[in-house]
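# Close look at the chain arrangement
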Amino acid sequence: MVNRRDTLGVSEDMERTTGRDAHRSNISVIHALAQTVRSTLGPKGMDKMVVDGLGDIVVTNDGFTLLNEMRVRHPAAKLAIEAAVTQQDKVGDGTTTVIVLAGEVLRKAEDLLEMDLHPAVIARGFRTAERMAQEILEDIGEAVGPDDDEIITRIAHTAMTGKAVESAKETLASLAIQAVRKVIRYDGKRAVIDDDGVKLERMVGEPTEASTLMKGVLLARERAHPSMPTRVERANVGLIDQPIEIKDPEIATRIHISDPRQMQAFVEQERKNLAEMVERIVASGCNVLFCQQNIEEPADDFLSQAGVFAVRRVPRGDLVRLAKATGARIVSSPHMLDAAYLGRAGKVREETLGKSTFIYVEDCEDPKAVTLLVKGSTAHAAEEARRALEDAVGDIGSALTRGKVVAGAGAVEVELTRRLRERARTELTGKERLVTEAFADAMTVVPRTLIESSGADAIDQLSLVEARHERHDIWCGFDVVSGQLVDAWEAGILEPLEIKTQALASATEVAVTILRIDDILIGDAPAAESGG
Ligand code: ADP
Ligand code: MG
(Lines give C-alpha, C1' and ligand atoms only; values in the text may rest on other atoms or scores of the structure.)
(Ligands and ions follow the chains in the order given, each with its own letter.)
Protein backbone atom coordinates (compact mmCIF):
# COMPACT_ATOMS: atom_id res chain seq x y z
CA MET A 1 0.00 0.00 0.00
CA VAL A 2 1.29 3.45 -0.87
CA ASN A 3 0.59 5.96 1.84
CA ARG A 4 -0.72 9.25 0.59
CA ARG A 5 1.11 12.21 2.03
CA ASP A 6 0.20 15.83 2.60
CA THR A 7 2.33 18.73 1.36
CA LEU A 8 4.73 18.30 4.25
CA GLY A 9 5.15 14.67 3.43
CA VAL A 10 3.31 13.63 6.57
CA SER A 11 1.59 10.37 5.96
CA GLU A 12 -2.18 10.66 5.98
CA ASP A 13 -2.21 7.57 8.13
CA MET A 14 -0.94 9.72 10.93
CA GLU A 15 -3.48 11.27 13.15
CA ARG A 16 -2.75 14.96 13.25
CA THR A 17 -4.14 17.60 15.59
CA THR A 18 -3.05 21.22 15.49
CA GLY A 19 -3.42 24.56 17.24
CA ARG A 20 -6.17 25.01 19.77
CA ASP A 21 -7.35 21.44 19.22
CA ALA A 22 -3.90 20.16 20.12
CA HIS A 23 -4.03 21.96 23.44
CA ARG A 24 -7.56 20.85 24.10
CA SER A 25 -6.72 17.25 23.33
CA ASN A 26 -3.51 17.08 25.40
CA ILE A 27 -5.09 18.84 28.33
CA SER A 28 -8.06 16.53 28.35
CA VAL A 29 -5.79 13.47 28.32
CA ILE A 30 -3.76 14.63 31.32
CA HIS A 31 -6.88 15.75 33.08
CA ALA A 32 -8.41 12.32 32.55
CA LEU A 33 -5.26 10.71 33.94
CA ALA A 34 -5.42 12.98 36.97
CA GLN A 35 -9.08 12.12 37.50
CA THR A 36 -8.16 8.44 37.51
CA VAL A 37 -5.39 8.58 40.11
CA ARG A 38 -7.00 11.33 42.12
CA SER A 39 -9.24 9.12 44.21
CA THR A 40 -6.21 7.22 45.54
CA LEU A 41 -4.79 10.36 47.21
CA GLY A 42 -4.34 10.35 50.96
CA PRO A 43 -5.05 7.92 53.79
CA LYS A 44 -8.69 7.55 52.75
CA GLY A 45 -7.78 7.02 49.11
CA MET A 46 -9.59 4.20 47.37
CA ASP A 47 -7.98 1.13 45.84
CA LYS A 48 -7.87 0.53 42.12
CA MET A 49 -7.88 -2.81 40.41
CA VAL A 50 -5.90 -3.19 37.22
CA VAL A 51 -6.12 -6.35 35.15
CA ASP A 52 -3.38 -6.72 32.57
CA GLY A 53 -3.51 -8.51 29.21
CA LEU A 54 -2.48 -11.78 30.83
CA GLY A 55 -5.21 -11.58 33.40
CA ASP A 56 -2.85 -10.70 36.27
CA ILE A 57 -4.53 -8.52 38.81
CA VAL A 58 -3.00 -5.68 40.74
CA VAL A 59 -4.96 -4.03 43.51
CA THR A 60 -3.37 -0.87 44.82
CA ASN A 61 -3.98 2.57 46.20
CA ASP A 62 -0.49 3.63 45.30
CA GLY A 63 -0.70 6.20 42.51
CA PHE A 64 2.71 5.36 41.12
CA THR A 65 2.02 1.64 40.83
CA LEU A 66 -1.26 2.46 39.19
CA LEU A 67 0.41 4.70 36.62
CA ASN A 68 2.88 1.95 35.79
CA GLU A 69 0.20 -0.68 35.46
CA MET A 70 -2.08 1.40 33.25
CA ARG A 71 0.31 1.30 30.27
CA VAL A 72 -1.01 4.50 28.77
CA ARG A 73 -0.09 5.20 25.17
CA HIS A 74 -0.94 8.83 24.60
CA PRO A 75 2.21 11.00 24.44
CA ALA A 76 0.75 13.67 26.70
CA ALA A 77 -0.09 11.10 29.35
CA LYS A 78 3.42 9.71 29.06
CA LEU A 79 4.81 13.16 29.69
CA ALA A 80 2.85 13.38 32.91
CA ILE A 81 3.96 9.93 33.94
CA GLU A 82 7.59 10.90 33.37
CA ALA A 83 7.04 13.72 35.83
CA ALA A 84 5.82 11.16 38.36
CA VAL A 85 8.91 9.03 37.70
CA THR A 86 11.13 12.04 38.38
CA GLN A 87 9.26 12.59 41.63
CA GLN A 88 9.78 8.95 42.61
CA ASP A 89 13.50 9.15 41.80
CA LYS A 90 14.17 12.44 43.52
CA VAL A 91 11.95 12.19 46.56
CA GLY A 92 10.48 8.71 46.66
CA ASP A 93 6.97 9.92 47.53
CA GLY A 94 4.32 12.31 46.26
CA THR A 95 3.72 10.81 42.82
CA THR A 96 -0.07 11.04 42.99
CA THR A 97 0.25 14.65 44.03
CA VAL A 98 2.31 15.48 40.92
CA ILE A 99 -0.30 14.09 38.55
CA VAL A 100 -3.22 15.63 40.39
CA LEU A 101 -1.50 19.02 40.42
CA ALA A 102 -0.53 18.83 36.75
CA GLY A 103 -4.11 17.97 35.84
CA GLU A 104 -5.47 20.89 37.80
CA VAL A 105 -2.92 23.44 36.57
CA LEU A 106 -3.82 22.42 33.03
CA ARG A 107 -7.51 22.69 33.76
CA LYS A 108 -6.84 26.28 34.76
CA ALA A 109 -4.85 26.71 31.53
CA GLU A 110 -7.88 25.52 29.62
CA ASP A 111 -10.01 28.23 31.26
CA LEU A 112 -7.41 30.85 30.39
CA LEU A 113 -7.26 29.65 26.78
CA GLU A 114 -11.03 29.96 26.64
CA MET A 115 -10.56 33.58 27.68
CA ASP A 116 -8.36 33.96 24.60
CA LEU A 117 -5.07 34.27 26.41
CA HIS A 118 -2.17 33.16 24.23
CA PRO A 119 -0.61 29.84 25.28
CA ALA A 120 2.84 31.46 25.45
CA VAL A 121 1.52 34.10 27.83
CA ILE A 122 -0.03 31.45 30.03
CA ALA A 123 3.17 29.39 29.98
CA ARG A 124 5.25 32.40 30.96
CA GLY A 125 2.77 33.32 33.67
CA PHE A 126 2.94 29.79 35.10
CA ARG A 127 6.73 30.05 35.27
CA THR A 128 6.49 33.31 37.22
CA ALA A 129 3.86 31.83 39.48
CA GLU A 130 5.94 28.74 40.12
CA ARG A 131 9.00 30.78 41.02
CA MET A 132 6.96 32.78 43.54
CA ALA A 133 5.39 29.61 44.88
CA GLN A 134 8.81 28.06 45.44
CA GLU A 135 9.92 31.10 47.40
CA ILE A 136 6.79 30.94 49.51
CA LEU A 137 7.24 27.22 50.20
CA GLU A 138 10.85 27.78 51.22
CA ASP A 139 9.59 30.39 53.63
CA ILE A 140 6.78 28.27 55.08
CA GLY A 141 8.97 25.21 55.69
CA GLU A 142 10.18 24.63 59.25
CA ALA A 143 13.73 23.52 59.92
CA VAL A 144 14.34 19.93 60.96
CA GLY A 145 17.63 18.58 62.28
CA PRO A 146 19.05 15.07 62.30
CA ASP A 147 18.18 14.60 65.97
CA ASP A 148 14.56 15.72 65.82
CA ASP A 149 13.29 12.23 66.55
CA GLU A 150 9.72 13.28 67.13
CA ILE A 151 9.38 15.06 63.79
CA ILE A 152 11.18 12.35 61.85
CA THR A 153 8.96 9.66 63.36
CA ARG A 154 5.86 11.69 62.46
CA ILE A 155 7.05 12.00 58.87
CA ALA A 156 7.44 8.24 58.64
CA HIS A 157 3.98 7.69 60.14
CA THR A 158 2.37 10.19 57.77
CA ALA A 159 3.89 8.41 54.79
CA MET A 160 2.25 5.15 55.87
CA THR A 161 -1.09 6.29 57.33
CA GLY A 162 -4.00 4.54 55.68
CA LYS A 163 -1.86 2.09 53.77
CA ALA A 164 -2.24 -1.67 53.99
CA VAL A 165 0.66 -1.79 56.45
CA GLU A 166 -0.98 0.55 58.94
CA SER A 167 -0.82 -2.05 61.74
CA ALA A 168 2.94 -2.43 61.37
CA LYS A 169 3.45 1.32 61.05
CA GLU A 170 5.46 1.73 64.26
CA THR A 171 7.85 -1.10 63.47
CA LEU A 172 8.37 0.03 59.90
CA ALA A 173 8.82 3.67 60.89
CA SER A 174 11.54 2.80 63.35
CA LEU A 175 13.29 0.58 60.80
CA ALA A 176 13.13 3.32 58.18
CA ILE A 177 14.66 5.84 60.59
CA GLN A 178 17.45 3.52 61.67
CA ALA A 179 18.22 2.66 58.05
CA VAL A 180 18.46 6.28 56.90
CA ARG A 181 20.52 7.24 59.96
CA LYS A 182 23.06 4.54 59.12
CA VAL A 183 23.74 5.75 55.62
CA ILE A 184 23.50 9.51 55.99
CA ARG A 185 26.76 11.46 55.74
CA TYR A 186 27.47 15.01 56.73
CA ASP A 187 29.39 17.04 54.24
CA GLY A 188 30.10 20.02 56.41
CA LYS A 189 26.61 21.00 57.51
CA ARG A 190 24.91 19.44 54.53
CA ALA A 191 23.48 15.95 54.85
CA VAL A 192 23.96 13.63 51.89
CA ILE A 193 22.38 10.27 51.27
CA ASP A 194 23.59 7.71 48.82
CA ASP A 195 20.94 6.75 46.28
CA ASP A 196 21.49 3.05 46.80
CA GLY A 197 22.39 3.32 50.48
CA VAL A 198 19.12 1.78 51.65
CA LYS A 199 17.87 -1.18 49.67
CA LEU A 200 14.53 -2.83 50.26
CA GLU A 201 14.17 -6.57 49.73
CA ARG A 202 10.88 -8.40 49.92
CA MET A 203 10.52 -11.68 51.79
CA VAL A 204 7.37 -13.70 51.70
CA GLY A 205 6.29 -15.97 54.54
CA GLU A 206 6.35 -13.92 57.71
CA PRO A 207 4.15 -11.06 58.93
CA THR A 208 5.22 -7.51 58.13
CA GLU A 209 5.91 -6.87 61.84
CA ALA A 210 8.83 -9.30 61.53
CA SER A 211 10.62 -7.04 59.03
CA THR A 212 14.20 -6.29 59.98
CA LEU A 213 17.13 -4.05 59.20
CA MET A 214 20.29 -5.79 58.06
CA LYS A 215 23.51 -3.91 58.61
CA GLY A 216 24.81 -5.11 55.31
CA VAL A 217 23.80 -6.59 51.99
CA LEU A 218 21.55 -9.41 50.84
CA LEU A 219 22.48 -11.23 47.66
CA ALA A 220 20.33 -13.61 45.65
CA ARG A 221 23.38 -15.82 44.94
CA GLU A 222 24.94 -19.10 46.07
CA ARG A 223 28.44 -20.10 47.13
CA ALA A 224 30.74 -21.00 44.25
CA HIS A 225 31.34 -24.53 45.52
CA PRO A 226 29.18 -26.82 47.68
CA SER A 227 32.05 -27.71 50.04
CA MET A 228 32.65 -24.11 50.99
CA PRO A 229 31.59 -23.13 54.50
CA THR A 230 27.97 -21.97 54.72
CA ARG A 231 28.84 -19.49 57.41
CA VAL A 232 31.83 -17.35 58.26
CA GLU A 233 32.11 -15.22 61.39
CA ARG A 234 34.35 -12.15 61.49
CA ALA A 235 34.58 -12.11 57.74
CA ASN A 236 37.41 -10.40 55.90
CA VAL A 237 35.76 -9.53 52.66
CA GLY A 238 37.58 -9.28 49.33
CA LEU A 239 35.95 -7.80 46.21
CA ILE A 240 37.28 -8.52 42.72
CA ASP A 241 35.70 -7.27 39.52
CA GLN A 242 37.70 -9.29 36.96
CA PRO A 243 37.46 -13.04 36.32
CA ILE A 244 39.62 -15.44 38.28
CA GLU A 245 40.91 -17.41 35.34
CA ILE A 246 43.93 -17.98 33.16
CA LYS A 247 43.61 -15.77 30.18
CA ASP A 248 47.22 -15.24 29.23
CA PRO A 249 46.95 -15.36 25.45
CA GLU A 250 50.66 -16.09 25.18
CA ILE A 251 50.30 -19.39 26.92
CA ALA A 252 47.34 -20.30 24.77
CA THR A 253 49.04 -19.55 21.45
CA ARG A 254 52.60 -20.57 22.27
CA ILE A 255 51.74 -24.12 23.00
CA HIS A 256 51.04 -26.28 20.01
CA ILE A 257 49.84 -29.39 21.58
CA SER A 258 51.24 -32.27 19.68
CA ASP A 259 51.62 -34.92 22.29
CA PRO A 260 49.59 -35.78 25.38
CA ARG A 261 52.48 -34.96 27.71
CA GLN A 262 52.47 -31.38 26.50
CA MET A 263 48.76 -31.21 27.12
CA GLN A 264 49.36 -32.51 30.59
CA ALA A 265 52.03 -29.89 31.19
CA PHE A 266 49.72 -27.16 29.97
CA VAL A 267 46.92 -28.20 32.31
CA GLU A 268 49.43 -28.48 35.15
CA GLN A 269 50.66 -24.97 34.46
CA GLU A 270 47.15 -23.65 34.46
CA ARG A 271 46.38 -25.34 37.76
CA LYS A 272 49.54 -23.91 39.20
CA ASN A 273 48.66 -20.38 38.15
CA LEU A 274 45.18 -20.65 39.60
CA ALA A 275 46.62 -22.14 42.78
CA GLU A 276 48.93 -19.15 43.04
CA MET A 277 46.03 -16.77 42.69
CA VAL A 278 44.18 -18.55 45.44
CA GLU A 279 47.31 -18.43 47.60
CA ARG A 280 47.43 -14.68 47.11
CA ILE A 281 43.82 -14.39 48.15
CA VAL A 282 44.34 -16.51 51.25
CA ALA A 283 47.59 -14.72 52.11
CA SER A 284 45.79 -11.38 52.17
CA GLY A 285 43.69 -12.72 55.02
CA CYS A 286 40.54 -12.84 52.91
CA ASN A 287 38.05 -15.50 54.00
CA VAL A 288 35.04 -14.28 52.03
CA LEU A 289 35.43 -13.42 48.37
CA PHE A 290 32.95 -11.85 45.97
CA CYS A 291 33.85 -11.89 42.31
CA GLN A 292 31.92 -9.96 39.71
CA GLN A 293 32.93 -12.47 37.02
CA ASN A 294 33.61 -16.15 36.76
CA ILE A 295 35.78 -18.10 39.16
CA GLU A 296 37.24 -20.74 36.88
CA GLU A 297 37.59 -24.37 37.90
CA PRO A 298 39.56 -25.57 39.78
CA ALA A 299 40.06 -22.22 41.56
CA ASP A 300 36.71 -22.68 43.27
CA ASP A 301 37.90 -26.03 44.56
CA PHE A 302 41.15 -24.54 45.86
CA LEU A 303 39.26 -21.76 47.58
CA SER A 304 36.96 -24.28 49.12
CA GLN A 305 39.93 -26.32 50.41
CA ALA A 306 41.34 -23.17 51.95
CA GLY A 307 38.03 -22.64 53.74
CA VAL A 308 37.17 -19.48 51.79
CA PHE A 309 33.52 -18.60 51.22
CA ALA A 310 33.46 -17.41 47.61
CA VAL A 311 30.72 -16.23 45.28
CA ARG A 312 31.00 -15.82 41.54
CA ARG A 313 29.10 -13.56 39.10
CA VAL A 314 28.00 -10.99 41.65
CA PRO A 315 26.15 -8.14 39.87
CA ARG A 316 28.12 -4.89 39.76
CA GLY A 317 25.53 -3.02 41.80
CA ASP A 318 25.79 -5.57 44.60
CA LEU A 319 29.58 -5.41 44.52
CA VAL A 320 29.44 -1.64 44.95
CA ARG A 321 26.99 -1.96 47.83
CA LEU A 322 29.24 -4.61 49.43
CA ALA A 323 32.11 -2.13 49.24
CA LYS A 324 29.97 0.50 50.99
CA ALA A 325 28.71 -1.91 53.61
CA THR A 326 32.02 -3.57 54.52
CA GLY A 327 34.50 -0.84 53.70
CA ALA A 328 36.31 -3.08 51.20
CA ARG A 329 37.91 -1.72 48.06
CA ILE A 330 37.10 -3.33 44.73
CA VAL A 331 40.28 -4.58 43.01
CA SER A 332 40.75 -6.13 39.59
CA SER A 333 42.87 -9.16 40.36
CA PRO A 334 43.88 -11.48 43.19
CA HIS A 335 47.42 -10.10 42.90
CA MET A 336 46.15 -6.70 43.95
CA LEU A 337 44.24 -8.01 46.93
CA ASP A 338 45.96 -6.54 49.95
CA ALA A 339 44.94 -6.80 53.60
CA ALA A 340 44.28 -3.06 53.56
CA TYR A 341 41.67 -3.49 50.83
CA LEU A 342 39.60 -6.06 52.68
CA GLY A 343 36.30 -5.11 54.26
CA ARG A 344 34.75 -6.46 57.45
CA ALA A 345 31.45 -8.13 58.20
CA GLY A 346 30.44 -9.70 61.51
CA LYS A 347 28.86 -12.62 59.70
CA VAL A 348 28.43 -13.98 56.19
CA ARG A 349 26.08 -16.88 55.63
CA GLU A 350 24.15 -18.72 52.99
CA GLU A 351 20.56 -19.71 53.61
CA THR A 352 17.87 -21.33 51.52
CA LEU A 353 14.31 -20.12 51.93
CA GLY A 354 11.79 -22.13 49.96
CA LYS A 355 13.17 -22.31 46.45
CA SER A 356 15.58 -19.40 46.71
CA THR A 357 19.05 -19.21 48.15
CA PHE A 358 20.38 -16.01 49.65
CA ILE A 359 23.69 -14.80 50.97
CA TYR A 360 23.58 -12.50 53.96
CA VAL A 361 26.52 -10.21 54.55
CA GLU A 362 25.58 -8.73 57.89
CA ASP A 363 26.59 -7.15 61.17
CA CYS A 364 28.91 -4.75 59.40
CA GLU A 365 30.38 -2.25 61.81
CA ASP A 366 29.75 1.09 60.13
CA PRO A 367 27.87 0.18 56.97
CA LYS A 368 27.22 2.85 54.36
CA ALA A 369 24.80 0.48 52.64
CA VAL A 370 22.06 -1.33 54.53
CA THR A 371 19.16 -3.59 53.62
CA LEU A 372 15.61 -3.56 54.85
CA LEU A 373 14.11 -7.03 54.76
CA VAL A 374 10.45 -6.26 54.21
CA LYS A 375 8.25 -9.17 55.10
CA GLY A 376 4.69 -10.10 54.29
CA SER A 377 2.67 -13.25 54.68
CA THR A 378 1.80 -13.14 50.97
CA ALA A 379 3.65 -11.69 47.97
CA HIS A 380 1.00 -8.99 47.75
CA ALA A 381 1.39 -8.05 51.42
CA ALA A 382 5.17 -7.94 51.13
CA GLU A 383 4.95 -5.71 48.06
CA GLU A 384 2.51 -3.31 49.74
CA ALA A 385 4.81 -3.14 52.74
CA ARG A 386 7.80 -2.51 50.50
CA ARG A 387 6.06 0.39 48.77
CA ALA A 388 4.97 1.99 52.02
CA LEU A 389 8.42 1.62 53.53
CA GLU A 390 10.01 3.02 50.40
CA ASP A 391 7.85 6.14 50.77
CA ALA A 392 8.87 6.48 54.42
CA VAL A 393 12.58 6.02 53.65
CA GLY A 394 12.36 8.58 50.84
CA ASP A 395 10.54 11.07 53.02
CA ILE A 396 12.93 10.79 55.97
CA GLY A 397 15.90 11.06 53.63
CA SER A 398 14.58 14.13 51.92
CA ALA A 399 13.56 15.77 55.20
CA LEU A 400 17.10 15.36 56.50
CA THR A 401 18.95 16.32 53.35
CA ARG A 402 16.77 19.32 52.61
CA GLY A 403 16.37 20.07 56.31
CA LYS A 404 12.81 21.37 56.03
CA VAL A 405 9.36 20.09 56.89
CA VAL A 406 5.78 21.20 56.30
CA ALA A 407 2.44 20.03 57.63
CA GLY A 408 0.17 18.15 55.23
CA ALA A 409 -3.54 17.39 55.25
CA GLY A 410 -3.92 20.25 52.79
CA ALA A 411 -2.48 22.84 55.20
CA VAL A 412 0.59 23.71 53.16
CA GLU A 413 -1.39 23.98 49.92
CA VAL A 414 -4.04 26.28 51.40
CA GLU A 415 -1.36 28.52 52.88
CA LEU A 416 0.48 28.55 49.56
CA THR A 417 -2.66 29.58 47.69
CA ARG A 418 -3.32 32.38 50.15
CA ARG A 419 0.20 33.81 50.01
CA LEU A 420 0.54 33.44 46.27
CA ARG A 421 -2.76 35.23 45.67
CA GLU A 422 -1.57 37.96 47.98
CA ARG A 423 1.67 38.37 46.05
CA ALA A 424 -0.17 38.35 42.72
CA ARG A 425 -2.46 41.09 43.99
CA THR A 426 0.33 43.34 45.23
CA GLU A 427 3.14 42.63 42.75
CA LEU A 428 1.51 41.80 39.42
CA THR A 429 -0.95 43.32 37.02
CA GLY A 430 -3.06 42.40 34.03
CA LYS A 431 -2.73 38.98 32.45
CA GLU A 432 0.24 37.99 34.59
CA ARG A 433 -1.82 38.54 37.68
CA LEU A 434 -4.73 36.61 36.22
CA VAL A 435 -2.53 33.64 35.35
CA THR A 436 -0.81 33.63 38.74
CA GLU A 437 -4.12 33.69 40.56
CA ALA A 438 -5.34 30.78 38.47
CA PHE A 439 -2.15 28.90 39.29
CA ALA A 440 -2.61 29.67 43.00
CA ASP A 441 -6.15 28.34 42.93
CA ALA A 442 -5.00 25.13 41.27
CA MET A 443 -3.09 24.24 44.46
CA THR A 444 -6.33 23.75 46.35
CA VAL A 445 -6.98 20.59 44.39
CA VAL A 446 -4.99 18.74 47.07
CA PRO A 447 -7.13 19.74 50.09
CA ARG A 448 -10.32 19.43 48.02
CA THR A 449 -9.43 15.92 46.98
CA LEU A 450 -8.45 14.90 50.51
CA ILE A 451 -11.69 16.26 51.96
CA GLU A 452 -13.76 14.51 49.29
CA SER A 453 -11.99 11.23 50.01
CA SER A 454 -13.34 11.30 53.56
CA GLY A 455 -16.89 11.82 52.34
CA ALA A 456 -17.14 15.38 53.68
CA ASP A 457 -18.28 18.36 51.64
CA ALA A 458 -15.26 19.85 49.91
CA ILE A 459 -16.65 23.34 49.36
CA ASP A 460 -17.84 23.79 52.93
CA GLN A 461 -14.81 22.33 54.63
CA LEU A 462 -12.31 24.04 52.38
CA SER A 463 -13.82 27.43 53.06
CA LEU A 464 -13.60 26.72 56.80
CA VAL A 465 -9.93 25.82 56.42
CA GLU A 466 -9.32 28.93 54.32
CA ALA A 467 -10.99 31.13 56.92
CA ARG A 468 -8.62 29.78 59.57
CA HIS A 469 -5.65 30.55 57.34
CA GLU A 470 -6.90 34.10 56.91
CA ARG A 471 -6.55 34.31 60.68
CA HIS A 472 -2.94 33.13 60.34
CA ASP A 473 -3.56 29.62 61.46
CA ILE A 474 -1.03 28.49 58.87
CA TRP A 475 -1.09 24.77 59.61
CA CYS A 476 -4.84 24.34 59.66
CA GLY A 477 -5.77 21.34 57.55
CA PHE A 478 -8.41 18.66 57.27
CA ASP A 479 -7.61 15.37 58.98
CA VAL A 480 -9.31 12.68 56.92
CA VAL A 481 -8.94 10.12 59.70
CA SER A 482 -10.95 12.10 62.26
CA GLY A 483 -12.94 13.97 59.59
CA GLN A 484 -12.19 17.29 61.29
CA LEU A 485 -10.26 20.49 60.93
CA VAL A 486 -6.99 20.19 62.80
CA ASP A 487 -3.74 21.97 63.30
CA ALA A 488 -1.88 19.52 61.09
CA TRP A 489 1.44 20.35 62.74
CA GLU A 490 0.07 19.56 66.20
CA ALA A 491 -1.63 16.46 64.81
CA GLY A 492 1.75 15.30 63.53
CA ILE A 493 0.75 15.11 59.87
CA LEU A 494 4.20 16.07 58.62
CA GLU A 495 5.90 15.80 55.26
CA PRO A 496 9.26 16.84 53.87
CA LEU A 497 9.18 20.19 52.08
CA GLU A 498 10.81 18.60 49.07
CA ILE A 499 7.70 16.53 48.25
CA LYS A 500 5.91 19.82 47.65
CA THR A 501 8.67 21.74 45.88
CA GLN A 502 9.46 18.87 43.55
CA ALA A 503 5.79 18.16 42.82
CA LEU A 504 5.23 21.81 42.02
CA ALA A 505 8.25 21.99 39.74
CA SER A 506 7.27 18.83 37.87
CA ALA A 507 3.61 19.73 37.52
CA THR A 508 4.52 23.17 36.17
CA GLU A 509 6.99 21.62 33.77
CA VAL A 510 4.28 19.34 32.39
CA ALA A 511 1.83 22.21 32.00
CA VAL A 512 4.34 24.48 30.27
CA THR A 513 5.45 21.73 27.93
CA ILE A 514 1.87 21.00 26.94
CA LEU A 515 1.17 24.67 26.34
CA ARG A 516 4.15 24.91 23.98
CA ILE A 517 2.89 22.05 21.80
CA ASP A 518 0.65 23.12 18.96
CA ASP A 519 0.89 20.10 16.75
CA ILE A 520 0.35 16.45 17.62
CA LEU A 521 1.20 13.73 15.15
CA ILE A 522 0.35 10.22 16.16
CA GLY A 523 1.26 7.30 13.94
CA ASP A 524 -0.37 3.90 14.11
CA ALA A 525 1.25 1.42 16.44
CA PRO A 526 3.27 -1.00 14.28
CA ALA A 527 1.12 -3.93 15.33
CA ALA A 528 -2.02 -2.27 14.00
CA GLU A 529 -0.55 -2.01 10.50
CA SER A 530 -0.20 -5.69 9.87
CA GLY A 531 -2.80 -7.42 7.78
CA GLY A 532 -3.51 -4.24 5.77
P1 ADP B 1 1.24 10.65 47.09
O2 ADP B 1 1.38 9.55 46.07
O3 ADP B 1 1.11 11.97 46.41
O4 ADP B 1 2.27 10.61 48.15
P5 ADP B 1 -0.60 9.74 49.13
O6 ADP B 1 -1.69 8.80 48.84
O7 ADP B 1 0.58 9.25 49.88
O8 ADP B 1 -0.17 10.40 47.77
O9 ADP B 1 -1.22 10.98 49.91
C10 ADP B 1 -0.45 12.06 50.33
C11 ADP B 1 -1.35 13.17 50.83
O12 ADP B 1 -2.10 12.72 51.96
C13 ADP B 1 -0.57 14.37 51.29
O14 ADP B 1 -1.13 15.54 50.75
C15 ADP B 1 -0.70 14.33 52.80
O16 ADP B 1 -0.64 15.60 53.41
C17 ADP B 1 -2.07 13.73 52.95
N18 ADP B 1 -2.31 13.16 54.28
C19 ADP B 1 -1.56 12.28 54.98
N20 ADP B 1 -2.14 11.99 56.18
C21 ADP B 1 -3.28 12.71 56.22
C22 ADP B 1 -4.35 12.86 57.19
N23 ADP B 1 -4.34 12.20 58.35
N24 ADP B 1 -5.36 13.68 56.87
C25 ADP B 1 -5.38 14.34 55.69
N26 ADP B 1 -4.45 14.24 54.77
C27 ADP B 1 -3.40 13.45 55.01
MG1 MG C 1 2.60 9.26 49.66
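Summarised in this report is the structure supplied together with it. Fair warning: this is a prediction, and the values are worked out from it, not measured in the lab.

### Some remarks on the sheet that holds strand β4 (residues 142–143)
An order of β4-β17-β20 is seen for the three strands of this open sheet, with the pairing classed as antiparallel. With one partner strand each, in any of the chains shown, β4 and β20 (494–496) form the two edges of the open sheet. With two bridges joining them, β4 and strand β17 (residues 404–407) adopt antiparallel strand pairing. Bridging from a neighbouring strand, Ala 143 pairs with Lys 404 of β17.

### Regarding the site of ligand 1
The local shell around ligand 1 holds 22 residues, among which Asp 93, Thr 96, Thr 97, Ala 409 and Glu 495 are the closest. Take Gly 94: an N or O atom from its main chain is 3.1 Å from an oxygen atom of ligand 1. Glu 495 places a side-chain nitrogen or oxygen 2.8 Å from an oxygen atom of ligand 1. With the chains in place, 94% of the 580 Å² that ligand 1 exposes on its own is no longer accessible. If you map ligand 1 onto the pockets, it falls in the largest pocket. For the shell around ligand 1, the elements supplying multiple residues, two or more each, are α4 (95–114), α15 (445–453) and β18 (476–479). In terms of residue count, the dominant contributor to the shell around ligand 1 is α4 (three residues). Of the residues that constitute the shell around ligand 1, the class distribution is nine nonpolar, eight polar and five charged.

### Things to note about the environment of Leu 303
Tracing the chain through its elements places Leu 303 in helix α10 (residues 299–305). Setting aside residues up to four positions removed in sequence, Leu 303 forms contacts with Met 228, Val 278, Ile 281, Leu 289, Ile 295, Val 308 and Ala 310.

Definitions and cut-offs
- Residues numbered from 1 in each chain as written.
- Chains lettered and ligands numbered in written order.
- Predicted model: local features only at pLDDT ≥ 70, side-chain atom pairs only at ≥ 80, totals over all residues.
- Heavy atoms only, no water.
- Pairing = 2+ DSSP bridges.
- Helix = DSSP H or I, 4+ residues; strand = E, 2+ residues; numbered from the N terminus.
- Near = heavy atom within 4 Å.
- Polar contact = N/O pair within 3.5 Å; in protein donor to acceptor, adjacent residues only side chain to side chain.
- Areas by Shrake-Rupley, 256 points an atom, 1.4 Å probe, with all protein chains shown as cover.
- 1 Å grid on protein atoms, 1.4 Å probe; cavity = no way out; pocket = protein on both sides within 12 Å on 5 of 7 lines; lining within 4 Å.
- Sits in = over half its atoms within 2 Å of the grid points.
- Nonpolar A, V, L, I, M, F, W, Y, C, P; charged D, E, K, R; others polar.
- Contact = heavy atoms within 4.5 Å.

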